[in-house]
Amino acid sequence: MTLVLNGWASSPRAWDLCSFGHGALFSYTDQLAGRPEQVFAEEGSHVLVGWSMGGSSALRLACRFPDRIAGLVLVAATPRMMEDKAANWRGLSPRRLEALHYSIKLTRGEGFFGVPEDKPNPYQMDTEENLAGGIRYLLETDLRDALTDTFVRHPENVRFPVHIFQSEHDGVVRPENAAYLKTIFPQASLTLVPGTEHALPIFIPELIDAAVADCLMGGK
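From a predicted model like this one, the values you see are computed outputs, not experimental measurements.

K.L.:
Which parts of the structure should I look at to understand the packing of aromatic side chains?
P.N.:
Here the distance between the centres and the angle between the planes together describe a pair of aromatic rings. In the structure shown here, the tally under the stated rule is 7 aromatic pairs. Taking the centre distance of 6.3 Å and the plane angle of 75° together, the rings of Trp15 and Phe20 count as edge-to-face. Each member of the pair Trp15 and Phe20 is classed as buried. Here the aromatic rings of Phe40 and Phe65 are separated by 4.7 Å at their centres, their planes lie at 10°, and the arrangement is stacked. With Phe40 in helix 2 (residues 35-40) and Phe65 in the loop between helix 3 (53-64) and strand 4 (69-75), the pair connects residues that are 25 residues apart, well separated along the chain. Look at Phe40 and you get buried, because its relative accessible area is 2%. Using a relative accessible area of 14% as the deciding quantity, one classes Phe65 as buried. Through a chain of ring-to-ring contacts, three or more aromatic side chains come together here, namely Trp15, Phe20 and Trp51. Above the ring of Trp89, the side-chain terminus of Arg144 is found at 5.0 Å from the ring centroid.

Here is what the cut-offs are and how they apply
- Residues numbered from 1 in each chain as written.
- Predicted model: local features only at pLDDT ≥ 70, side-chain atom pairs only at ≥ 80, totals over all residues.
- Heavy atoms only, no water.
- Phe/Tyr/Trp six-rings, centres within 6.5 Å; stacked < 30°, edge-to-face > 60°.
- Buried < 20%, exposed > 50% of the residue type's maximum accessible area, 1.4 Å probe, protein only.
- Helix = DSSP H or I, 4+ residues; strand = E, 2+ residues; numbered from the N terminus.
- Lys NZ or Arg CZ within 6 Å of the ring centre and 35° of its normal.

Purely geometric numbers; function is a separate question.
Encoded structure:
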């Protein structure tokens, strides 16, 4: 089954232009509540498609259930959203994250990162409680050690295709994060998309469709 893990404060409409069929689409509040993990409580393997915060969730699930992953499609994904100056890790500053939070509230999700008129708006306004929960997740989550322990030290755990998509000048998830993921999954395909768009599902739906299809075929 293909599971889609959506971004923070993002509408299901983010995936309107993608044509791949999915068994379930999990909002960021679903992810905070652990609902994707409940799917893994049952038998079977899954292709995970994760965008932004959902990409972090996909990586978390892959670390926890490496033998149950049929493929990873990581879209503007990162194991750590926030900057880490001590480790020279490029990410959001707390001030920048708060600015994004404010822009969501101010615009009610319209034009959060800029939405072309001919494409669906991938963002939505949410309750303050839910937005705050998402901020806590983004502030606290750091999967770098888990990725190293699960996949670098045990490369035999990587039995599935991986596709990484990243905008070249994304101001939310830096291109260096995608380069880091490539070191974790050296067999992965890495596609750098020209421009600054963070909302890649509405800009490169055909590439995401092709990546999902490849995962469903086992990378053949």
